[in-house]
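Chains, contacts and geometry: an overview
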Amino acid sequence: MNAPLVHQPPCGGIELRQEQGQRAVFCGLTGIVWLHRKIQDAFFLVVGSRTCAHLIQSAAGVMIFAEPRFATAIIDERDLAGLADANEELDRVVTRLIERRPDIKLLFLVGSCPSEVIKLDLSRAAQRLSSRLNPVRVLNYSGSGIETTFTQGEDACLAALVPDLPREADAAAPSLLVVGALADVVEDQFLRMFSAMGIADVRFLPARRANAMPAIGRKTRYLLAQPFLTDTARALEERGARRLPAPFPLGAEGTTSWLRAAAETFGVSDATFEAATAPGRARAETALAPHRERLGGKRVFFFPDSQLEVPLARFLARELGADLVEVGTPYLHRGHLAAEIELLPAGTRVTEGQSLDDQMDRCRAERPDLTVCGLGLANPLEAEGLSTKWSIELLFTPVQGYEQAGDLAELFVRPLRRRALLEV
Ligand code: SF4
């Protein structure tokens, strides 16, 4: 079953393999850590076990001491044994929560492995609670490890928002929707950039507030800001919105191509586009130059984690001169990543899925200069003398756009610099 399956075109000039087996990845619950910071009046209630509560607490770290907007309703033995009506318990917990926290305007019931295994119907619960707690909206999605890997939790959350978005009239002027949770500072930069191009009506999904979610309709053109939004894109298409194909806004090149996709659709002239983007591009180039010296010629290995691997590999190879040993990704959406695949160096080895032991063997045999992987693999590989970059940081740090291009490169340079310092 794990014999590599070498794909034929249309996957560009890459060598695409698929493998299955043991995996070392997060479940989709992790997305709550960055999503709750983005939607400032939303609360995420995981319906799960103590394991789920521990996962969220360790991923969120010190944030659990601030007034958190996430929690776990723990399914205990009485629920599992069928002695208690889990729905009644859930209603009680949610009602108490909303009474205590009037600041909450949107509540997500987040499914987990245990809630799925006992077949707790959270979508019915969300409907029931929505009408009871009106005007608080209650939605549900699954972040379980059975159904979702890491960033797919964000995809499931945004996809749950889409049917609820206001409807834009068909006669409305075309609008641009940027899809994917971005740091506020990055969002503001993009807004300024679009406005300099004369694209005034730009919306973001998710919005920062529950009552400010964007209206969508047949005139909506959307740009994905993240590569892992398969279900969200499908839900948007069902409501008439159309995707603008583009690489992702990582690095100077990715950002320019991403912005250009919008500029072409909205009829922005070349001169205006140039004037709007040239200063940012120049700043990004300046910020990247010193990192090129450190990363040029370095051999990089990506373990699958977030689906950001392909755009990151493209950035490292083309803008910083790194050599790609292997680019692992948990899932490769051929359509959304078509522009990225085209930009990868010919013959790049891309692996979709994971067979952990086989991949560890390949990594050890290659002894790359830098390995991008999850927290579970990082320390063991460091102990074997390999430099690693924790991939989770790439989700918690603002990395998109011109102004962040240098910071993004710095994230990869830091482990190399640290090792060099320790070795002196
Ligand atoms: S949802 Fe599943 S994989 Fe995630 S923490 Fe809970 S039990 Fe573990």
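Together, Val117, Ile118 and Ile146 give the surface a local cluster of nonpolar side chains, amounting to about 280 Å² of exposed area. Mapped onto the fold, Ile146 is located in the loop between β5 (137-142) and α7 (152-161).

Around the ligand, the neighbouring residues are Cys27, Leu29, Cys52, Ser112, Cys113, Pro114, Ser144 and Gly145. For the shell around the ligand, the residue count by class is 5 nonpolar, 3 polar and no charged.

What follows concerns the packing of helix α10 (residues 251-265) against helix α11 (residues 270-295). The interhelical angle for the contact between α10 and α11, taken along N-to-C directions, is 165°, at an axis separation of 10 Å. On the basis of their axis angle, the class for α10 and α11 is roughly antiparallel. For the element pair α10 and α11, the recorded crossing hand is right-handed. Between α10, through Ala252, Thr256, Leu259, Arg260 and Ala263, and α11, the contact on the second element is made entirely by Phe273, Thr277, Arg281, Ala284 and Glu285.

Looking down a regular strand, the side chains alternate between one sheet face and the other. Side-chain alternation along strand β7 (residues 202-205) places Val202 and Phe204 on one buried face and Arg203 and Leu205 on a second face that is also buried. Both strand β6 (residues 175-179) and β7 contribute to a ladder of 4 bridges, which runs parallel. Paired with Val178 across the bridge in β7 is Phe204. At this point the chain moves from β6, through helix α8 (residues 184-196), to the parallel β7, and the crossover so formed is right-handed.

Axis separation between α8 and α10 bottoms out at 11 Å; the angle between their running directions is 50°. By the angle between their axes, α8 is oblique relative to α10. Pair α8 / α10 crosses with right-handed handedness. Contacts between α8 and α10 involve Phe190, Met193 and Phe194 from the former and Thr255, Trp258, Leu259 and Ala262 from the latter. Residue composition of the contact of α8 with α10, grouped by class: 6 nonpolar, 1 polar and no charged.

So, how was this worked out
Residues numbered from 1 in each chain as written. Predicted model: local features only at pLDDT ≥ 70, side-chain atom pairs only at ≥ 80, totals over all residues. Heavy atoms only, no water. Patch = residues over 30% accessible without salt bridge, like charges linked within 9 Å, V, L, I, M, F, W, Y side chains within 5 Å. Areas by Shrake-Rupley, 256 points an atom, 1.4 Å probe, with all protein chains shown as cover. Salt bridge = Lys/Arg side-chain N within 4 Å of Asp/Glu carboxyl O. Helix = DSSP H or I, 4+ residues; strand = E, 2+ residues; numbered from the N terminus. Near = heavy atom within 4 Å. Nonpolar A, V, L, I, M, F, W, Y, C, P; charged D, E, K, R; others polar. Axes fitted to C-alpha atoms, helices over the stretch in contact; angles between N-to-C directions. Parallel < 35°, antiparallel > 145°, perpendicular 65-115°, else oblique. Left-handed = near helix turned anticlockwise from the far one by under 90°. Contact = heavy atoms within 4.5 Å. Buried < 20%, exposed > 50% of the residue type's maximum accessible area, 1.4 Å probe, protein only. Pairing = 2+ DSSP bridges. Right-handed = clockwise from strand over helix to strand, strands pointing away.

In short, geometric facts, not functional conclusions.
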